[in-house]
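# Breakdown of the fold
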Amino acid sequence: MGSMKYFYFGFGGFIGFVCGMVIQMIFYMVERSGNNILTQLGRGDYGAMGKGLLVLFDGLPYMGFVLGVVLVRTMFRKDIEKEGPGSSGHGDRG
C-alpha cells in the first residue's frame, strides 16, 4: 500500500480543499448579496478577534486540505499501518 497511501491522503486533501472552497464561496455570495459579514470583520468593528477570524477565513481551503488528510489518516489508520515497508501488498496471504 506504499503508493496507495499517498493516493488516499491526496484524495482526502482534495475533498477537504474543495469543501473549504465551497464554504468560502458561500460566504462571498452572502457578502455580495448585501449582508456585509466579512466587511464588518475587516473594518475593525470586532477588534482583533474579527481580524483574526478574517485571516482564518482566508485560509479555509488550506485548513480543509489539512483536515482532509488528518481524517483519512484517522479513518484508515489500521489499513495504512498494517502494510508497512517490505510487505508484498497482498495482506496476510503471504
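Attention here is on the structure that accompanies the text. Bear in mind the structure is a predicted one, so any value in this text is a computation, not a measurement.

Glancing now at the side chain of Glu31. Relative to the helices and strands, Glu31 is located in helix α1 (residues 2-32). The class of Glu31 is buried, set by a relative accessible area of 16%. Not counting the four nearest positions on each side in its chain, Glu31 is found in contact with Asn36, Ile37, Leu38 and Thr39.

This next bit is on the side chain of Gln24. Here Gln24 lies in helix α1. Non-local contacts of Gln24, meaning those with residues more than four positions away in its chain, are made with Phe57, Asp58, Leu60 and Pro61.

In this section: the packing of aromatic side chains. Using the criterion set out here, one finds 5 aromatic pairs in the structure. Seen in terms of ring centroids, Phe7 and Tyr8 are 6.3 Å apart; in terms of plane orientation they differ by 50 degrees. Their pairing is tilted. Judged by its relative accessible area of 31%, Tyr8 is partly exposed. A network of ring pairs unites the aromatic residues Phe7, Tyr8 and Phe76 as a single cluster.

What counts and how
- Residues numbered from 1 in each chain as written.
- Predicted model: local features only at pLDDT ≥ 70, side-chain atom pairs only at ≥ 80, totals over all residues.
- Heavy atoms only, no water.
- Helix = DSSP H or I, 4+ residues; strand = E, 2+ residues; numbered from the N terminus.
- Buried < 20%, exposed > 50% of the residue type's maximum accessible area, 1.4 Å probe, protein only.
- Contact = heavy atoms within 4.5 Å.
- Phe/Tyr/Trp six-rings, centres within 6.5 Å; stacked < 30°, edge-to-face > 60°.

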